[in-house]
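Residue-level listing of the chains:
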Amino acid sequence: MAKSVYPKKLKAGDEVRVIAPSYSGKMIPEGVKKVAIYRLTSMGLKVTFGKHFDEMDVYESSSIDSRLEDLTEAFTDKKVSGVLAGIGGYNVNYLLE
């Protein structure tokens, strides 16, 4: 049986990276983004976004390479304590091998 892994609890000062592994973050209304940023920062968290979060192509997403870059960077950046998907959708399945 596999051992469960639990992440550390986030605390004030921790950085949270928001990525868009499926649809573009541009799909999220600006007011909704502002409220989310306000709520996270009011908990003392530093909010950053993936480099390609707002990138949008004809499929209302960003390229697979861009989404993979943001995902990989979010999980390998030592300054990032938490990763949030800003928007979901079935396009994320293209990131799987």
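Numbers given for residues are sequential positions, taken from 1 along each chain in its written order. Where local features are concerned, this predicted model is filtered to residues with pLDDT of at least 70; where side-chain atom pairs are given and counted, the filter is 80 or more; whole-chain, interface and lining totals use all residues. Hydrogens and water are ignored here; the side-chain numbers use all heavy atoms of the structure.

Draft legend 1. The overall build of the protein, seen in detail. Helices and strands together make up the secondary structure of the protein, namely two helices and three strands. Referenced to the eigenvectors of the C-alpha coordinate spread, the extents of the protein come out at roughly 40 × 40 × 20 Å. Any pair of residues with heavy atoms lying within 4.5 Å of one another is described as a contacting pair. Long-range contacts, defined as pairs at least 24 residues apart, comprise 81% of the intrachain contacts of the protein with a sequence gap of at least 6. Counted charges follow a simple rule, with Lys and Arg positive, Asp and Glu negative, and His plus the chain ends left uncounted. For the purpose of locating charges, the reference atoms are NZ of Lys, CZ of Arg, CG of Asp and CD of Glu. Counting 14 positive and 13 negative side-chain charges, the protein places the centres of these two groups 10 Å from one another. Helix numbering and strand numbering both begin at the N terminus, where a helix is a DSSP run of H or I of at least 4 residues and a strand a DSSP run of E of at least 2.

Draft legend 2. The confidence of the model for the protein, seen in detail. Looking at any residue, its pLDDT shows the predictor's confidence there, from 0 to 100. Residues with a pLDDT of 70 or more make up 100% of the protein, whose mean pLDDT is 92. Across the protein, strand β2 (residues 46-49) holds the top mean pLDDT of 98, while helix α2 (residues 64-76) sits lowest at 94.

Draft legend 3. Quick look at α2. Here, expected helix span is obtained from the residue count minus one, scaled by 1.5 Å. Between its first and last C-alpha, α2 extends 18 Å over 13 residues, near the 18 Å set by a 1.5 Å rise per residue. Taken residue by residue, α2 has Ser66, Arg67, Asp70 and Ala74 as its buried positions. Each buried residue of α2 sits inside an arc of 100° when the element is viewed along its axis, so together they form one side. Away from its buried face by more than 90 degrees, α2 exposes Asp65, Phe75 and Thr76. Looking at the buried positions of α2, the neighbouring elements they touch are β1 (15-19) and β3 (80-85). Exposure is judged per residue with a 1.4 Å probe applied to protein chains only, and the accessible area is read against the type maximum: over 50% gives exposed, under 20% gives buried, and values in between give partly exposed. In this description, the arc belongs to the directions extending from the helix axis to the C-beta atoms.

Draft legend 4. Layout of the side chain of Ser61. Turning to its location among the elements, Ser61 is positioned in the loop between β2 and α2. In protein, a polar contact requires one atom able to donate a hydrogen and another able to accept it; more generally it is a pair of N or O atoms within 3.5 Å, and residues adjacent in sequence count only if both atoms are side-chain atoms. A polar contact is formed between the side chain of Ser61 and the backbone oxygen of Ser22, at a distance of 2.4 Å. Setting aside anything within four residues of it in sequence, one finds Ser61 in contact with Ser22, Tyr23, Ser24, Glu55, Met56, Arg67 and Asn91.

Draft legend 5. Main features of the environment of Asp65. On the secondary structure map, Asp65 appears in helix α2. The class of Asp65 is exposed, set by a relative accessible area of 62%. Taking C-alpha positions, Asp65 is 8.6 Å from Leu95, a pair spaced 30 residues apart along the chain.

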